Amino acid sequence: LEAVMYRVGVLAALRAASTGKATGVCITASHNEEQDNGSKVVDPDGGMLAGGWEGPATALANAQDEAGVADVLASLFPGGVVPANEITVVIGRDTRVSSPGLSASVAQGVAAAGGKVVDLGLVTTPQLHWAVMRLNLGLDHSLEAYYATHKAALKALLGNTPPLPLVRVDCADGVGAASIAAFAPMVADLLPIEAFNTGGAG
């Protein structure tokens, strides 16, 4: 999986080069078993990787030699010439034991393609998508800004209504537990939150 993640880093860097904007990679297998892992590539607008790049992504992951990699480049860039744009890739990861090592493999792939990495560390997938979008808009993409933005949105939605009833959130022993721990105190006067399954192993 390390070799595949290296190529994911290369792919994200190539996508950034093609658009001239930052892309992202989240190291996570979502709700799969703890021993599983994977990645999600994020486009500059904060959405998933453009559909036209999914085929080349699969081909790059499965390429058996340099000729196979060259074929992928030729399919993405006429003449195999990658645009000389600045390359930035935002990386985040979940709490699986394998995630730090796989994140490092992605970073190595980005570096090999001539890019730089913005490492957010432990984040949820939505936080990574949001950060990529905000970075490309020239706005604060920190987790502090993420929580503040969502608190403001919740406050605007609720208006002057009384606090909502307690909400219990199943964190599935994953990275969401850290996010809930940070966010819950900020919105306690609007939405009381109680987290469970907060072991952080997935």
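Relevant structure appears above.
Residues numbered from 1 in each chain as written. Predicted model: local features only at pLDDT ≥ 70, side-chain atom pairs only at ≥ 80, totals over all residues. Heavy atoms only, no water.

Engineer: Mind showing me how you'd approach the packing of helix H6 (residues 143–158) against helix H7 (residues 176–183) here?
Structural biologist: The description of two helices packed together rests on the angle between their axes and the distance between the axes. Their axes nearest at 11 Å, the elements H6 and H7 cross at an angle of 60°. Our classification of the angle between H6 and H7 gives oblique. When the axes of H6 and H7 are compared, the crossing they make is right-handed. For the pair formed by H6 and H7, the contact residues are Tyr147, His150 and Lys151 on the first element and Ala178, Ser179, Ala182 and Phe183 on the second. (Axes fitted to C-alpha atoms, helices over the stretch in contact; angles between N-to-C directions. Helix = DSSP H or I, 4+ residues; strand = E, 2+ residues; numbered from the N terminus. Parallel < 35°, antiparallel > 145°, perpendicular 65-115°, else oblique. Left-handed = near helix turned anticlockwise from the far one by under 90°. Contact = heavy atoms within 4.5 Å.)

Engineer: Whenever I open this one, the packing of aromatic side chains confuses me. Can you help?
Structural biologist: Aromatic ring pairs: the centre-centre distance and the angle between the two ring planes describe each pair. Per the stated rule, a full pass over the model turns up 4 aromatic pairs. On the numbers, 6.2 Å between centres and 75° between planes, the contact of Trp53 with Phe77 is edge-to-face. Of this pair, Trp53 sits in the loop between strand E2 (39–42) and helix H2 (54–62) while Phe77 is found in the loop between helix H3 (66–76) and strand E3 (88–93), placing the two residues 24 residues apart along the sequence. Under the relative-accessibility criterion, Trp53 is labelled buried at 9%. (Phe/Tyr/Trp six-rings, centres within 6.5 Å; stacked < 30°, edge-to-face > 60°. Buried < 20%, exposed > 50% of the residue type's maximum accessible area, 1.4 Å probe, protein only.)

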